[in-house]
Amino acid sequence: VGFGYELKVLTGAVNNLSNAVEIREKELKELNITLEEKVEIRTFELIQSNRALKTLLDNTGQGILFFGNDLRIDENYSSECIRFFSGDVSGKNVCEVLFKSNYEKNFFTETITTVFKESSKRRLKAYIELLPIEIEINEIKLKVEYRVIESEVREIMLILTDITEIKILENRIK
């Protein structure tokens, strides 16, 4: 077997390897295109979902906001909150937004901190019932409802309903 034969075999092997690399590169390019398309579709779906959530929040006629154990208000809240609080509340401490007196702030902070740590559903409900159900902000009287949201991390959803007119009517009747 001569050198020419070995060179021919080696050339064939290199060509096969080169063809295999070209095929792999083509497959990778196709996979990347498919992956980019999937990312684009998921991004579009996520944007649509966020729009639907924002539309829902903004059309309830209630202030709806969320906060975690750091007590910072999430960036997703209903537009009614802007009216109640006279501006953007994203990232603000919920105690500072809801209460004026240090006593109210401290009580709320201590109680809500316990809510975030509590594992018993019964005690959790009892702690929630200790929290104020009516507050006044900027001369707007609000009914406050608390919902514990159990997901990857526990969050609290506040549902704020303007009851100013109801309170005015109640005072007239008295």
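The preceding data block contains the structure.
A few points on the structure. All values derive from a computational prediction rather than experimental measurement.

Rules used in this analysis
- Residues numbered from 1 in each chain as written.
- Predicted model: local features only at pLDDT ≥ 70, side-chain atom pairs only at ≥ 80, totals over all residues.
- Heavy atoms only, no water.
- Helix = DSSP H or I, 4+ residues; strand = E, 2+ residues; numbered from the N terminus.
- Rg over C-alpha atoms; globule rule 2.2 N^0.38 Å.
- Core = buried A, V, L, I, M, F, W, Y, C linked by side-chain atoms within 4.5 Å.
- Buried < 20%, exposed > 50% of the residue type's maximum accessible area, 1.4 Å probe, protein only.
- Contact = heavy atoms within 4.5 Å.
- Phe/Tyr/Trp six-rings, centres within 6.5 Å; stacked < 30°, edge-to-face > 60°.
- Pairing = 2+ DSSP bridges.
- Axes fitted to C-alpha atoms, helices over the stretch in contact; angles between N-to-C directions.

What follows covers the overall build of the protein chain. Within the protein chain, the regular secondary structure consists of six helices and four strands. Ordering the α and β elements of the protein chain from the N terminus gives α-β-α-α-α-α-β-β-β-α. Relative to the compact-globule value of 16 Å for 174 residues, the protein chain shows a C-alpha radius of gyration of 30 Å, a clear excess of over 25%. Structurally, the protein chain occupies a C-alpha span of about 115 × 35 × 25 Å along its principal axes.

Bringing the nonpolar core into the picture now. Membership of the largest hydrophobic core comes to 30 residues, with the highest contact counts inside it found for L65, F67, F85, V94 and F108. Secondary-structure elements contributing two or more residues to this core are β1 (63-67), α2 (79-85), α3 (94-98), α4 (102-117), α5 (121-130), β2 (134-137), β3 (140-150) and β4 (154-162). Not counting residues within four places of it along the chain, the set of residues in contact with F108 comprises F67, V94, C95, L98, F99, L131, P132 and Y146. By size, the runner-up hydrophobic cluster in this structure holds five residues, among which are L57, F66, M157 and I159.

Our focus in this paragraph is the packing of aromatic side chains. Counted under the stated rule, the structure contains five aromatic pairs. With centroids separated by 6.4 Å and ring planes inclined at 50°, the aromatic side chains of F67 and F108 adopt a geometry described as tilted. One end of the pair, F67, is in strand β1; the other, F108, is in helix α4, and 41 residues separate them in sequence. Accessibility classification places F67 together with F108 in one group, the buried group. Taking 6.4 Å as the distance between ring centres and 35° as the angle between the ring planes, the aromatic pair formed by F108 and Y146 counts as tilted. Here Y146 lies in strand β3 and F108 lies in helix α4, a separation of 38 residues in the sequence.

Adjacent strands of a sheet form backbone hydrogen bonds with each other and so pair up, either parallel or antiparallel. Reading across the sheet, the four strands line up as β1-β4-β3-β2 and stay open at both edges, with antiparallel pairing between neighbours. Edge positions in the sheet fall to β1 and β2, since each has one partner strand and no second. Between one strand and the next, the sheet's axes are offset by a mean angle of 35°, whatever the strand orientation. When β3 meets β4, the two strands line up antiparallel, connected through nine bridges. Among the inter-strand pairings, V148 is bridged to a residue of β4, identified as I156. Contacts from α4 reach β1, β3 and β4 within the one sheet, and its direction differs from that of β4 by about 135°.

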